[in-house]
Amino acid sequence: MRYRATLAFYRLWHAAGGPAYADEIKFWEGILRTGSALLFDPKVRAMAVPAELRRCAVELATEFHRPPRLLEVGSGPLSLLAGAVDEGLCTVVAVDPLARVYRQLLDHHGIAYPIRPRVGHGERLAQAFPQASFDLVYSSNALDHTRSPRRCLEQMCRVLRPGGFLLLEGLVREGTAENWNGLHQHDLVPEQGRLLHFDRAGRRTELTAGLPLVCVTEHVSPFRERGIKAFGYEIPADMPPDAPWNWERPWYTVLFRR
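Below you will find a few notes about this structure. (Residues numbered from 1 in each chain as written. Predicted model: local features only at pLDDT ≥ 70, side-chain atom pairs only at ≥ 80, totals over all residues. Heavy atoms only, no water.)

Regarding the packing of aromatic side chains
Inspection of every chain in the model, using the stated rule, returns 6 aromatic pairs. Summarising the aromatic geometry, the rings of Phe27 and Trp28 are spaced 5.2 Å apart at their centres and angled 75° between planes, so their arrangement reads as edge-to-face. On the basis of relative accessible area, Phe27 is assigned to the partly exposed category, the value being 38%. Residue classification places Trp28 among the buried positions, given a relative accessible area of 8%. (Phe/Tyr/Trp six-rings, centres within 6.5 Å; stacked < 30°, edge-to-face > 60°. Buried < 20%, exposed > 50% of the residue type's maximum accessible area, 1.4 Å probe, protein only.)

As structure tokens, then:
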């Protein structure tokens, strides 16, 4: 596998003004190299499926008499929705800008995973999929990694059918928490049924303004309550016991209906 060459390419691209993808690839290579057994634990997979998504999938399946079709944006190599596929809750199409590299990493480390991402960018979803072609759109802790969260939301709305659900979740103010390093160039904050954006200068924008979305549920709670025990959220073995890591950081979940 040309892992070092791939890293070198993305580092050069970043130096020329491109995204900091090399950091993301290096992070995931470390996770996949360890081959956590939790990835294959049915209970761990089931817990990682958001409760809101589970309810929406059941509602839509009852309405359509078939599993709903879901698009996951920014899945990484290890989608949190493996449990949903295991249970037949929905069919999943996952996209990620680094999908080609992630598939190589999965193959290199011998990991058979039920969701394999395809190359796709949140800002260009309408170029890859027909309008209104998905019943559910989901993105977990990835919107802050994009170049334009607003453009991503516009595109998500285009590929989501009327009456479908959009579920967004992630760490609150990830840009600030990560000192605006790497891909973390946005602070996202839910507020009264809206998703707000703050840049590093503190300028505020309402990302969901004018979009055909109605908030169904919104809540913020400590990440530890989310119930994710693997999929890149493992606690490093060398981390001091008193280190806060992400466990107490606020995690937002916002469900919209189109």
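Topic: the sheet that holds strand 6 (residues 187-191)
If you walk across this open sheet you meet the 3 strands as 6-7-8, and the pairing is antiparallel. Two strands in the sheet have a free side with no partner beyond their single neighbour: strand 6 and strand 8 (204-206). Across the sheet, the mean angle from the axis of one strand to that of its neighbour is 30°, orientation sign disregarded. Two strands pair when backbone bridges link them, and strand 7 (residues 194-198) and strand 8 are joined in this way by 3 bridges, in the antiparallel orientation. Residue Phe198 lies in a different strand from strand 8, and its bridge partner there is Arg204. (Pairing = 2+ DSSP bridges. Helix = DSSP H or I, 4+ residues; strand = E, 2+ residues; numbered from the N terminus. Axes fitted to C-alpha atoms, helices over the stretch in contact; angles between N-to-C directions.)

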